[in-house]
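Here is how the chains run, residue by residue.
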Amino acid sequence: MAETQQEGRKAIFRVPLITLLAVVFLAVCMIPAAFADVPGLWLMYVIPIGLFVFVVRTRTVASARGLDVRTVFGHRELPWSSLKGLAINDKAKVRAVLTDGSEVPLPSVRTRHLPVISLVSEGRMKDPSGLTDDLDAEDAEDVGKDTGQS
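Residues numbered from 1 in each chain as written. Predicted model: local features only at pLDDT ≥ 70, side-chain atom pairs only at ≥ 80, totals over all residues. Heavy atoms only, no water.

## Quick notes on the packing of helix α1 (residues 19-29) against helix α3 (residues 46-57)
Turning to step 1, where the next piece is worked out: Orientation of α1 relative to α3, taken along the N-to-C sense of each, is 170°, at an axis distance of 9 Å. The orientation of α1 with respect to α3, classified from their angle, is roughly antiparallel. Contacts between α1 and α3 involve Thr19, Leu20, Val23, Leu26 and Ala27 on the former and, on the latter, Ile47, Pro48, Leu51, Phe52, Val55 and Val56. (Axes fitted to C-alpha atoms, helices over the stretch in contact; angles between N-to-C directions. Helix = DSSP H or I, 4+ residues; strand = E, 2+ residues; numbered from the N terminus. Parallel < 35°, antiparallel > 145°, perpendicular 65-115°, else oblique. Contact = heavy atoms within 4.5 Å.)

What follows is the structure, encoded as structure tokens:
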């Protein structure tokens, strides 16, 4: 029998799927213009199709292994060992800084999500807000009790 490895905590950051309702509404509103007597206007449906693909595909997944960054045209796995830290720009968007100094944008991740990333990373990424400091101290106490240390 193969043993299954427990992944631990996992967090998914994505555009809310309710946004697809707006994309469908846009497509329905385009029907009169797209099927008018002007040839080629049906190509307008490229816009809602592109928006649909963007909403469904774009996300950032944080797990105990690292970050999975998925964009419309690509996918990149970033293990915690390859990250130097996280950078925040003036619009509250978060970028992963790699050990070589390059930066990777994290879709749908904002500064309010940093405590969640800290929890999922099991302390590898520190929470700058300090919200998870109490939880980290409790986890350390639990580990000390399990090993017989105080």
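## A short note on the packing of aromatic side chains
Turning to step 1, where the next piece is worked out: Evaluation of the coordinates by the stated rule reveals one aromatic pair.
Turning to step 2, where the next piece is worked out: Ring plane angle 40° and centroid distance 6.1 Å describe the contact between phenylalanine 35 and tyrosine 45, whose orientation is recorded as tilted. Residue phenylalanine 35 is found in the loop between α2 (31-34) and α3, and its partner tyrosine 45 is found in the loop between α2 and α3; the two are separated by ten residues along the sequence. (Phe/Tyr/Trp six-rings, centres within 6.5 Å; stacked < 30°, edge-to-face > 60°.)

## Side note on the nonpolar core
Turning to step 1, where the next piece is worked out: Judged by nonpolar contacts, the single largest core of 18 residues is most densely connected at Leu67, Leu78, Leu83 and Leu106.
Turning to step 2, where the next piece is worked out: In this structure leucine 106 touches Thr60, Leu67, Val69, Leu86, Val94, Arg95 and Ala96, once residues within four positions along its chain are discounted. (Core = buried A, V, L, I, M, F, W, Y, C linked by side-chain atoms within 4.5 Å. Buried < 20%, exposed > 50% of the residue type's maximum accessible area, 1.4 Å probe, protein only.)

## Some words on the side chain of threonine 60
Turning to step 1, where the next piece is worked out: Take threonine 60: it is sitting in strand β2 (residues 59-63).
Turning to step 2, where the next piece is worked out: Here threonine 60 falls in the buried class, since its relative accessible area comes to 0%.
Turning to step 3, where the next piece is worked out: At 2.8 Å, the side chain of threonine 60 forms a polar contact with the backbone oxygen of proline 107.
Turning to step 4, where the next piece is worked out: Setting aside its immediate chain neighbours within four residues, threonine 60 contacts Ala11, Ile12, Phe13, Leu67, Asp68, Leu106, Pro107 and Val109. (Polar contact = N/O pair within 3.5 Å; in protein donor to acceptor, adjacent residues only side chain to side chain.)

## Topic: the sheet that holds strand β7 (residues 103-110)
Pairing between the strands of a sheet comes from backbone hydrogen bonds, and it takes one of two forms, parallel or antiparallel.
Turning to step 1, where the next piece is worked out: Here we have three strands laid out as an open sheet, ordered β5-β6-β7, and antiparallel in their pairing. Because the sheet does not close on itself, it has two edges, and the strands there are β5 (83-88) and β7. Strand-to-strand twist across the sheet, computed as the mean angle between neighbouring axes with direction ignored, equals 30°.
Turning to step 2, where the next piece is worked out: Where strand β6 (residues 93-98) meets β7, four bridges bridge the pair, whose relative direction is antiparallel. Paired with valine 97 across the bridge in β7 is glutamate 103. (Pairing = 2+ DSSP bridges.)

## Some words on the pattern of salt bridges
It is possible for side chains of opposite charge to pair when their charged atoms get near one another.
Turning to step 1, where the next piece is worked out: By the definition in use, this model includes two salt bridges.
Turning to step 2, where the next piece is worked out: The partner of glutamate 103 in a salt bridge is arginine 95, and the shortest N-O contact between them spans 2.9 Å.
Turning to step 3, where the next piece is worked out: For glutamate 103, a relative accessible area of 41% corresponds to the partly exposed category.
Turning to step 4, where the next piece is worked out: The partner of glutamate 122 in a salt bridge is arginine 124, and the shortest N-O contact between them spans 4.0 Å. (Salt bridge = Lys/Arg side-chain N within 4 Å of Asp/Glu carboxyl O.)

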